Each structure stands twice: as structure tokens, then as C-alpha cells.
Amino acid sequence: MPVQALLAEIRRPLTRPWVLMEICGGQTHAILRYGLDQLLPPEIELVHGPGCPVCVTPLEQVDKALAIAARPEVIFTSYGDMLRVPGSGRDLFSVRAAGGDVRVVYSPLDALALAQAHPDRQVVFFAIGFETTAPANAMSVLQAQRLGLDNFSLLVSHVRVPPAIHAILGAPENRVEGFLAAGHVCAVMGYHEYPEIAERYRTPIVVTGFEPVDLLRGVLAAVRQLEAGRAEAENAYERAVTFAGNRPAQAVLRTVFEDCDRAWRGIGVIPHSGWRLSSAFSPFDAENRFDVGEIRTQESPLCIAGEVLQGRRRPPDCPAFGAACTPEHPLGATMVSSEGACAAYYNYRRQETAVAGAEIR
Ligand code: SF4
């Protein structure tokens, strides 16, 4: 169905306002880039969820990365978007400028190859992100074990989506009435965890893709459920997602990782929301290898990213937005990350923000 027809279908059943949250930062950027929020009827408010891996990586983990990367025996590897993320004092680019061996890689297997090529150095990969990136990271650990490498480790900061949905819906301040779940996460994990959540909180959860038509199909499915008084897990991204997901990938995850409580930047600790290396693979845990467990940090008091990531406020509500906080000088990770909600508003709505103040729709 084309965009205009989808918009007409979304308008048809509407009898009242609804607040929907898209989980993924990639979805947030697509919504703002294509102006979908402005095309939707005014009754539909889209708020932006915590599904940006860089944004929710705790400051403590960034500081641990900086401490490890500064060590002379270490080659520290990461995807490029983490290099600009400021820790308490500096970022990985600064560590590299000061002589640290910090390298951008495109896969944990690139880091593994570095470990094979440099047996006299310790190679560490910064393993952040959701269920999408975790399988490849788990595979790299299995491969390192198979190769007998003792100079390869992961600094792990993996997070999982379903516990975050629990935390958002269970909070007394929650405004979210329907979720657009992240299609790529569900391509790995399926959506078998969602029916129980949808039923428990009486909130539709619709698996949604990333193209404009995908996003509008997700909105339409959520609106139809809400207007009909239903609250179900539904798949609107059938071309990529099945109920069960990618079982071999899930098996690898279960082999290498175990559940843990995990701090989400700006939000705090969410029970069972993370993965860490299981005890059988603890020799590959960089936190054990480099003894950085006690680093503690403090966020900027100006930053409201935690509220933004839970759909309670929007980036233009932040007094620092576009002033003290810009992509060149970010105060929080939602501005520095290419998937962050603050960066999305800065890139696509800055002019309107300047004209209309904090009120953007
Ligand atoms: S604009 Fe900057 S300071 Fe404000 S919430 Fe976003 S990242 Fe934090």
C-alpha cells in the first residue's frame, strides 16, 4: 500500500489521541528524515525509545574503554561510532591522539584477525549493542577459543530490548500506549517474548521495519489494535521476521552469554536487561583481564537523555539542545550517536526548533 493510502487508513479508525513509541534509533531517524511524524494525523504522537546502542552504553563502560585503550600493550578496537562518544574526560579519538593504539573495525572478526597477527599484543573489542550485534560478538569468542587465542577479549556492554519495554511500561510516569518493535532485533530473536508483555500491560507491540512504508504499516497495525481495544504482539515486518527468529543465532548467544542486570545510560539499572560472558568464557572478558571494575562516573546535570529515551520528553525540551549541546560538543550520547534522538532532531528539525521553541510536531 503506498504512503498516502496508508495515511488514509491510519486516519480512518481514529477516535482519540494515541502515544506510540518506536524502539529503534534507526526508526527514529527514518521518521524524522522523511517527516513521517508530520504526515501523520495530529492524534498520533510518536515518542522515541532507547534502541540506540551507543546512546544507552553507560558512561562507566566508556571510561573503562578509555582506561583499557590507553594501556601500551593493548590494541583497542571498536566500531567507528564509539570513538567520538565522550567519557568523563575524553574520548577514544583523544586516546589515539595521545599515542593509544585505537583502531576502527567493521566486525569483531577483524579484531580477531588482529589478535592472530599480533600475538605479542592484547586485542580488545568493544562489544556494545542489542540482540543484533551480539551474535557476531559471541561467534568471535567461540572462534578465539577454538584458535586458542589468549590475547583476545571483549569489553561487553550488551543490552536486550524486552526488559527495557517492561521497564518503560511498568513505570508510573509511562505515557506509551503502543510500541513499534525493532524489526532487526526481532529478525534475530523473533517476537515470542512479546505476547506476554502486550497482554500484561494491555499495550500492542507491532514488529516494524525501517522504510517509510514499513513504519506506517506498523503505526496502522498499532492504531487498529488500540481503537479495537486489542493488545497483541503482531508482525508488520513479515519479509524479515518470524515468530521464533533465528534459532542458530540464539543458540550461539545462549552458549556464550548469560543474563545480567545492566545499567542503561541515563535510565539506570534494568533487571536482566543485559548479557555478559558466561563463566565458561570469562577469560575473554576484558573487565577481568584489565581490572577496571571499579570505575564510577557522573553524567552532566543538564542532560535529560534518560527521559528522552523513555518517551517522557523530547530533545527540544532539553535546555541544552542546540546550545550547550551540539554534535560537535555533545553533553550526552543521544547527541553524539548517529542514531540518537537528539542528533536526529538536530539534523532534521533544528530550524523549526529555533522558530517554534520547544514545541515540535
Ligand atoms: S540535547 Fe544534549 S544534553 Fe539535552 S538531552 Fe540531548 S544529549 Fe542530553
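Residues numbered from 1 in each chain as written. Predicted model: local features only at pLDDT ≥ 70, side-chain atom pairs only at ≥ 80, totals over all residues. Heavy atoms only, no water.

(A) Just the side chain of serine 278, in detail. Considering the arrangement of structural elements, one finds serine 278 in the loop between β11 (268-277) and α14 (286-290). If we ignore the near neighbours within four places in the chain, the residues touching serine 278 are Thr255, Val256, Phe257 and Glu258. (Helix = DSSP H or I, 4+ residues; strand = E, 2+ residues; numbered from the N terminus. Contact = heavy atoms within 4.5 Å.)

(B) Looking closely at the site of the ligand. Around the ligand sit Cys303, Ile304, Ala305, Cys318, Ala320, Phe321, Cys325, Leu331, Gly332, Thr334, Met335 and Cys342, and those are all the residues in its vicinity. The class makeup of the residues in the shell around the ligand is 10 nonpolar, 2 polar and no charged. (Near = heavy atom within 4 Å. Nonpolar A, V, L, I, M, F, W, Y, C, P; charged D, E, K, R; others polar.)

(C) Just the confidence of the model for the protein, in detail. Looking at the protein, pLDDT values average 92 and 96% of them are 70 or higher. For the stretch residues 355-361, pLDDT sits under 50, and the model shows 19 contacts to residues farther than four places along the chain or on other chains. (pLDDT = per-residue confidence, 0-100.)

(D) Structural detail: the sheet that holds strand β5 (residues 122-129). Within the open sheet, the 6 strands sit side by side as β4-β3-β5-β6-β11-β10. Their pairing is mixed. Both outer strands of the open sheet, β4 (101-104) and β10 (257-264), are each paired with one neighbouring strand and no more. Neighbour to neighbour, the strand axes of the sheet diverge by 25° on average, direction disregarded. Here strand β3 (residues 74-78) pairs with β5 via 4 bridges, running parallel. Among the inter-strand pairings, threonine 77 is bridged to a residue of β5, identified as phenylalanine 125. In the packing of helix α7 (residues 108-117) onto the sheet, contacts are made with β3, β4, β5 and β6 (152-159), and the angle to β5 comes to roughly 170°. (Pairing = 2+ DSSP bridges. Axes fitted to C-alpha atoms, helices over the stretch in contact; angles between N-to-C directions.)

(E) How the structure looks around the nonpolar core. By size, the foremost hydrophobic cluster in this structure holds 84 residues, and its most contacted members are Ile68, Phe76, Phe152, Ile165, Phe179, Tyr194 and Phe257. Each residue touching tyrosine 194, except ones within four places of it in the same chain, is listed here: Val161, Pro162, Ile165, Ala181, Cys186, Ile205 and Ala233. (Core = buried A, V, L, I, M, F, W, Y, C linked by side-chain atoms within 4.5 Å. Buried < 20%, exposed > 50% of the residue type's maximum accessible area, 1.4 Å probe, protein only.)

(F) Representation of empty space enclosed by the protein. Going through the model one piece at a time under the given rule, you end up with 2 cavities of 30 Å³ or more. Put simply, the largest cavity is a space of about 110 Å³. Taken together, 14 residues make up the lining of the largest cavity; nearest its centre are Cys303, Cys318, Cys325, Thr334 and Cys342. Secondary-structure elements contributing two or more residues to the lining of the largest cavity are α15 (305-309) and α16 (333-336). Size it by volume and the second largest cavity reaches roughly 30 Å³. Lining the second largest cavity are Ile23, Cys24, Gly25, Gly49, Pro50, Gly51, Cys52, Cys55, Leu309, Glu339, Gly340 and Ala341. At the level of elements, β1 (18-24) and β2 (44-51) are the ones that each hand at least two residues to the lining of the second largest cavity. Here the lining of the second largest cavity takes 3 residues from β2, the largest share from any one element. Its residues assigned to classes, the lining of the second largest cavity shows 7 nonpolar, 4 polar and 1 charged. (1 Å grid on protein atoms, 1.4 Å probe; cavity = no way out; pocket = protein on both sides within 12 Å on 5 of 7 lines; lining within 4 Å. Points joined across faces, edges and corners; volume = space filled by probe spheres on them.)

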